[in-house]
Amino acid sequence: MKPGIHPAYGPVVFRDSASGTALLTGSTMTSDKTVEWDDGNTYPLVDVEISSASHPFYTGTARVLDTAGRVERFERRYGAR
């Protein structure tokens, strides 16, 4: 990699605003907000709207749509070609 053209990579805490869970991981994102982590160190804090802790697909609350019924209803309404 060329030196001087890549952003700084370091530990960042991502907090899910929907569920309140937090995850310490490496990232190039930066933030003015900081949070003290369990290890006693202070890290940049990035708030995210949704993560695997609150997303319906990962939590098991996702609804399965009846696509066959939707296609049949469309064909009844507009006719099959």
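Check the entry above for the structure.
Summary of the structure given here. Predicted, not measured: the structure shown is a model, and the values here were computed from it.

1. Observations concerning the overall build of the chain
Logical step 1: A tally of regular secondary structure across the chain gives 2 helices and 4 strands.
Logical step 2: Listing the helices and strands of the chain from first to last along the sequence gives β-β-β-β-α-α.
Logical step 3: A buried classification covers 12% of the 81 residues belonging to the chain.
Logical step 4: Partitioning the intrachain contacts of the chain with sequence separation of at least 6 by distance along the chain shows that 34% fall at a separation of at least 24.
Logical step 5: About 6900 Å² of surface is accessible on the chain, with carbon and sulfur atoms providing 53% of the total.

2. Details of a positive patch on the surface
Logical step 1: On the surface, R70, R73, R76 and R77 cluster together into a patch of positive charge.
Logical step 2: Inspection of the secondary structure assignment puts R70 in helix α2 (residues 67-78).
Logical step 3: What makes R70 partly exposed here is its relative accessible area of 46%.

3. A closer look at the packing of aromatic side chains
Logical step 1: This model, assessed by the stated rule, comprises 1 aromatic pair.
Logical step 2: Their ring planes at 50 degrees and their centres at 4.9 Å tell us that F74 and Y78 sit as a pair that is tilted. Linking F74 with Y78, this pair stays in helix α2, spanning 4 residues, or about one helical turn.

4. Regarding the side chain of D16
Logical step 1: The residue D16 is located in strand β1 (residues 10-16) in this model.
Logical step 2: Buried within the structure, D16 lacks any salt-bridge partner; R15 is the closest side chain of opposite charge, at an N-O distance of 8.6 Å.
Logical step 3: Only 2.9 Å separates the side chain of D16 from the backbone nitrogen of A18, close enough to count as a polar contact.
Logical step 4: In this view, D16 contacts T21, V48, E49, I50, S51, A53 and S54; residues no more than four positions away in its chain are not counted.

5. What to know about the pairing of β1
Remark: a regular strand shows side chains that alternate across the two faces of the sheet.
Logical step 1: Extensive coverage of β1 is indicated by the burial of 5 of its 7 residues.
Logical step 2: Of the pairings in the sheet, the one linking β1 to strand β2 (residues 22-27) comprises 6 bridges and is antiparallel in character. Residue pairing across strands places G10 opposite S27, the latter belonging to β2.
Logical step 3: Connecting the antiparallel pair β1 and β2 is a turn made up of 5 residues, with G20 showing a positive phi of about 85 degrees.
Logical step 4: Bridge count between β1 and strand β4 (residues 42-48): 4 bridges; the pairing is parallel. Within the sheet, the bridge partner assigned to V13 lies in β4 and is L45.

Calculation criteria
- Residues numbered from 1 in each chain as written.
- Predicted model: local features only at pLDDT ≥ 70, side-chain atom pairs only at ≥ 80, totals over all residues.
- Heavy atoms only, no water.
- Helix = DSSP H or I, 4+ residues; strand = E, 2+ residues; numbered from the N terminus.
- Buried < 20%, exposed > 50% of the residue type's maximum accessible area, 1.4 Å probe, protein only.
- Contact = heavy atoms within 4.5 Å.
- Areas by Shrake-Rupley, 256 points an atom, 1.4 Å probe, with all protein chains shown as cover.
- Patch = residues over 30% accessible without salt bridge, like charges linked within 9 Å, V, L, I, M, F, W, Y side chains within 5 Å.
- Salt bridge = Lys/Arg side-chain N within 4 Å of Asp/Glu carboxyl O.
- Lys, Arg positive; Asp, Glu negative; His and termini not counted.
- Charge placed at Lys NZ, Arg CZ, Asp CG, Glu CD.
- Phe/Tyr/Trp six-rings, centres within 6.5 Å; stacked < 30°, edge-to-face > 60°.
- Polar contact = N/O pair within 3.5 Å; in protein donor to acceptor, adjacent residues only side chain to side chain.
- Pairing = 2+ DSSP bridges.

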